[in-house]
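Structural features, examined
Now for the letters of each chain:
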Amino acid sequence: MNGFLLVWGQHYQFGMASVYLPLVLVMAERSFRAGKAKAGLPVMVCLMVFSSTYFSYMSCLAVGVYLLFRAAYEEGDWKQKIWVLVRIYAGMLLGIAMGLCVLLPSLYAIIGLSGRTETGLPLWRRLLNGFLPLKPSYYLTLLYRFFSANLQNVQSTDWWGYANYYEAPNVFTSIISVIFGCQFLGCLNRAGLTKRQKGVFRGAAAAVAFILLFPLAGIVCNAFSGYMSRFTFVLLPFFCLMTAWVGDFFLKGGKAGRAWLVLNLVLILALYGSGAFLTGDPERKRLIFCMALVGILAVVCVSYLAKKENSALRRKLYGAIMML
């Protein structure tokens, strides 16, 4: 998960997102397939609560929403699926209850910090504000951060992005995720999915786009106070899942969309080029140049996947992409 465990280990413990949230998702998936809450689910939720009250709140919301999309994706009787969801949610609540010895003192301390919740606006106004666009600097930083966590300079004296380095959105998982993410929606029509499954995938993509482009999710995840972009950590495992799904689609013989690859190439040259131009650190310039080279080589490899039929060659190209 690209070093966030290390970087954020000293800042709100959010780096643990790369450990706990994927494990909770694994347990939630196993529970969904079994039709009941497996014992590992409340245990993992409890351990996550021990790690961070704040992060656990956001992660449990994310897992709860994921399970709704998961149920919609699966064929079957809705009454049965709702009953399965109730049992899994009950298992998650049990995990939260197991962590009350840590949770209650933390909540008491958080509630005592009136500055976190006093915004001068009633709750309904705060929620309505969640549908208003954010500052233009946020969207520029969001675009840059998809391609690297640090194209706008990490030092506080040099940082020219939204808010500061630690409070800006965290959406980078790799340049491969950007390339495959652009291919994702185009792959749906060629992946042999049912209308239901394609609708669920498109709905999930639309939901992610909304919570990144508008502040509502950041307000809800910040206990209905002011907007914070820290919640974007919970999206990282889902970006990795999307990347794996598209990679599997290519490995099975799927074709890449060339128009998206051209867009990827333009963005790589523009964003990495401007990032290198705007930094005064020679070492960082060299690093950004290497990142741009990796991105260009990845685009070239994926473009060959768009036309090569030989399965052995496709596997070699796939291996090259994973190495990059």
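Anything mentioned here points back to the structure above.
What counts as what
Residues numbered from 1 in each chain as written. Predicted model: local features only at pLDDT ≥ 70, side-chain atom pairs only at ≥ 80, totals over all residues. Heavy atoms only, no water. Helix = DSSP H or I, 4+ residues; strand = E, 2+ residues; numbered from the N terminus. Contact = heavy atoms within 4.5 Å. Areas by Shrake-Rupley, 256 points an atom, 1.4 Å probe, with all protein chains shown as cover. Expected span 1.5 Å × (residues − 1). Buried < 20%, exposed > 50% of the residue type's maximum accessible area, 1.4 Å probe, protein only. Axes fitted to C-alpha atoms, helices over the stretch in contact; angles between N-to-C directions. Parallel < 35°, antiparallel > 145°, perpendicular 65-115°, else oblique. Left-handed = near helix turned anticlockwise from the far one by under 90°. Nonpolar A, V, L, I, M, F, W, Y, C, P; charged D, E, K, R; others polar. Polar contact = N/O pair within 3.5 Å; in protein donor to acceptor, adjacent residues only side chain to side chain. Phe/Tyr/Trp six-rings, centres within 6.5 Å; stacked < 30°, edge-to-face > 60°. Lys NZ or Arg CZ within 6 Å of the ring centre and 35° of its normal.

**A closer look at the overall build of the protein**
The helix and strand tally for the protein stands at 15 helices and zero strands. Put simply, 73% of the contacts in the protein that link residues at least 6 apart link residues at least 24 apart. On the protein, roughly 16300 Å² of surface is accessible, and the fraction owed to carbon and sulfur atoms is 69%.

**Quick notes on helix α13 (residues 258-278)**
Between the first and last C-alpha of α13 there are 30 Å, a value that for 21 residues agrees with the 30 Å anticipated at 1.5 Å per step. The complete set of buried residues in α13 reads Leu261, Asn264, Ile268, Leu271, Tyr272, Ser274, Gly275 and Ala276. Of the surrounding secondary structure, the elements contacted by the buried residues of α13 are α8 (136-147), α9 (175-188) and α14 (282-305).

**Structural notes on the environment of Lys198**
Here Lys198 is to be found in helix α10 (residues 195-213). With 125 residues separating them along the chain, Lys198 and Tyr73 place their C-alpha atoms 8.6 Å apart.

**Some points on the packing of α9 against α10**
One can describe the packing of α9 onto α10 by two numbers: an axis separation of 10 Å at closest approach and a directional angle of 150°. When the axes of α9 and α10 are compared, the pair comes out roughly antiparallel. α9 and α10 meet at a crossing whose hand is left-handed. Where α9 approaches α10, its residues Phe184, Leu185 and Leu188 are matched on the opposing element by Lys198, Phe201, Arg202 and Ala205. By residue class, the composition of the contact of α9 with α10 is five nonpolar, no polar and two charged.

**A few points about the side chain of Arg230**
Tracing the backbone shows Arg230 in the loop between α11 (216-221) and α12 (236-251). Overall, the relative accessible area of 5% leaves Arg230 in the buried class. At 3.0 Å, the side chain of Arg230 forms a polar contact with the side chain of Glu167.

**A short note on the packing of aromatic side chains**
In the structure shown here, the tally under the stated rule is 18 aromatic pairs. Taken together, a centroid distance of 5.3 Å and an interplanar angle of 75° make the contact between Phe180 and Phe250 edge-to-face. Here Phe250 lies in helix α12 and Phe180 lies in helix α9, a separation of 70 residues in the sequence. By relative accessible area, which is 1% here, Phe180 ends up buried. Centroid distance Phe201 to Trp245: 5.2 Å. Interplanar angle 55°. Geometry classified as tilted. Of this pair, Phe201 sits in helix α10 while Trp245 sits in helix α12, placing them 44 residues apart in sequence. Assessed through its relative accessible area of 18%, Phe201 is described here as buried. In this structure Trp245 comes out as partly exposed when scored by relative accessible area, which is 23%. Taken together, Tyr73, Phe180, Phe184, Phe201, Trp245, Phe249 and Phe250 form an aromatic cluster joined through their ring pairs. Across from the ring centre of Trp78, 4.2 Å away, lies the NZ or CZ of Lys81, which sits over that ring. When the ring centre of Trp124 is taken as reference, the NZ or CZ atom of Arg125 above it lies at 5.8 Å.

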